[in-house]
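# Summary of structural features
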Amino acid sequence: DERKLCVDATPSRARAGIIALSYMACAVFLILFNKVALSTFKFNHANLITLLQLICSLVLLAALRLMDMISFTKVDEPIKGSRFVPFHTIKAIVPLSLSYLLYMIMGMASLRGVNLPMYTTLRRTTAVFTMAAEFALTGKRQPPKILASVGLMVLGAVVAGANDVSFDAHGYLLVFASNCATALYLGMISRYGKTSPLNSFGLMWSNGIVCVPILLAWTLANGEMSAALQYEHLYSFNFQIVLALSCTLAFALNYTIFMNTAVNSALTQTVCGNLKDGLVIIVGFHSFSDATYNPTNMGGILLGVIGSILYAMIKLS
């Protein structure tokens, strides 16, 4: 059956644990290698990294699909007569794909402007933008407990940001713009994900098909492609390894998110997400010079962590 996914109905505890650890490792190392490429190697072409990640995902998705290891459609909604995704199906979700492109571009650009601990803390405030978008679009109001937990995350971001010795207003602005883009993308997933016959892999494929030509044309038109070809470390083995790992991990992260969600519980996914953020904060303080320890700054970061844990517990209760 071409639509059968490689997920056991009753996975062993060891396999479930390996999948959860794989998700966390992919998430942490993807942020790490993206940060190294943008900040350590000072590769100022975030759009090209995004383009390469999208191309890599398309190649790997095509390979897995041809080997019948994944499906692009929901089990109960197959698309007859097509091994991949027909044009009319891709056309129907173009708004989702465009929001995904904005989400990817802003996410990559925002990573360069702030240190990793603050990046993680500020990204937690995405919940505020998501709630605002839901209220504006649907009038949905959140219960007081949710508002309180999100308020704690925002307070943590304010306290940490006010005591961030490496504060960069432009970098902070990019992170908040990335949060807006994330909220828009999540809203689009909520809208199109329920009506489209595509599963997560099908949506990834369709997003790539739409986004790659647009991003390729943009990087050629604005001179970013030609500038990147003149980059001094372009042929450095270390830089190429970092870039290759970044591209591979971008796909691996999406794959492990799907597997973790399919095999493990929502609680496991949430716990993994919070543990991942904790690891990113630790790596940020110990591996990059732009993150300097400050007790008040650290207190704000911890407030954000507590707020996100409370938010997850309330959502799952």
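What follows covers a nonpolar patch on the surface. The grouping of I306, I309, L310 and M313 at the surface amounts to a nonpolar patch, some 350 Å² of accessible area in total. With respect to the secondary-structure elements, I306 resides in helix 13 (residues 295–316). Judged by relative accessible area, I306 falls into the partly exposed class, the value being 43%.

On the secondary structure map, T50 appears in helix 2 (residues 46–66). Residue classification places T50 among the buried residues on the basis of a relative accessible area of 0%. Residues in contact with T50, not counting those within four places in the same chain, are M104, I105, M108 and L215.

To continue, consider the packing of aromatic side chains. Under the counting rule described, the total for this entry stands at 14 aromatic pairs. Here F129 and F176 contribute two aromatic rings whose centre-to-centre distance is 6.2 Å and whose plane-to-plane angle is 35°, an arrangement assigned as tilted. Here F129 is found in helix 6 (residues 126–138), whereas its partner F176 is found in helix 8 (residues 169–192), with 47 residues between them in sequence. Residue class for F129 comes out partly exposed when judged on its relative accessible area of 25%.

On inspection of all chains with the given rule, the structure shows two cavities of 30 Å³ or more. Approximately 50 Å³ is the volume attributed to the largest cavity. Lining the largest cavity are 11 residues; nearest its centre among them are N115, D164, A291, T292 and N297. Contributing elements (two or more residues each) for the lining of the largest cavity: helix 5 (116–123) and helix 13. Forming the boundary of the second largest cavity are L54, S57, Y100, M204, G208 and N254. Split into classes, the residues belonging to the lining of the second largest cavity amount to three nonpolar, three polar and no charged.

A few words now on the packing of helix 4 (residues 94–113) against helix 5. Axis separation between helix 4 and helix 5 bottoms out at 10 Å; the angle between their running directions is 140°. It follows from the interaxial angle that helix 4 and helix 5 lie oblique. Residues Y103, G107, S110 and L111 of helix 4 pack against L116, Y119 and R123 of helix 5.

Taken N-terminus to C-terminus, the directions of helix 2 and helix 4 make an angle of 130°; their axes are 9 Å apart at the nearest point. Between helix 2 and helix 4, the angle is such that the two are oblique. Regarding helix 2 and helix 4, the two cross each other, and that crossing is right-handed. Along the contact surface, helix 2 presents A46, N47, I49, T50, Q53 and L54, while helix 4 presents Y100, M104, I105, M108 and A109. The class makeup of the residues in the contact of helix 2 with helix 4 is eight nonpolar, three polar and no charged.

If you check helix 9 (residues 200–221), its first and last C-alpha atoms are 31 Å apart, about what 22 residues at 1.5 Å a residue would give, namely 32 Å. The largest bend in helix 9 is about 30°, located at C211, with the proline P213 one to four residues further on. Measuring from the side-chain oxygen of the N-cap residue of helix 9 to the backbone nitrogen of F201 gives 3.0 Å; that N-cap residue is N199. One or two positions beyond helix 9, positive phi appears at G223, with a value near 85°.

Criteria and cut-off values
- Residues numbered from 1 in each chain as written.
- Predicted model: local features only at pLDDT ≥ 70, side-chain atom pairs only at ≥ 80, totals over all residues.
- Heavy atoms only, no water.
- Patch = residues over 30% accessible without salt bridge, like charges linked within 9 Å, V, L, I, M, F, W, Y side chains within 5 Å.
- Areas by Shrake-Rupley, 256 points an atom, 1.4 Å probe, with all protein chains shown as cover.
- Salt bridge = Lys/Arg side-chain N within 4 Å of Asp/Glu carboxyl O.
- Helix = DSSP H or I, 4+ residues; strand = E, 2+ residues; numbered from the N terminus.
- Buried < 20%, exposed > 50% of the residue type's maximum accessible area, 1.4 Å probe, protein only.
- Contact = heavy atoms within 4.5 Å.
- Phe/Tyr/Trp six-rings, centres within 6.5 Å; stacked < 30°, edge-to-face > 60°.
- 1 Å grid on protein atoms, 1.4 Å probe; cavity = no way out; pocket = protein on both sides within 12 Å on 5 of 7 lines; lining within 4 Å.
- Points joined across faces, edges and corners; volume = space filled by probe spheres on them.
- Nonpolar A, V, L, I, M, F, W, Y, C, P; charged D, E, K, R; others polar.
- Axes fitted to C-alpha atoms, helices over the stretch in contact; angles between N-to-C directions.
- Parallel < 35°, antiparallel > 145°, perpendicular 65-115°, else oblique.
- Left-handed = near helix turned anticlockwise from the far one by under 90°.
- Expected span 1.5 Å × (residues − 1).
- Bend = angle between axes of the 7 residues up to and from the residue.
- Polar contact = N/O pair within 3.5 Å; in protein donor to acceptor, adjacent residues only side chain to side chain.

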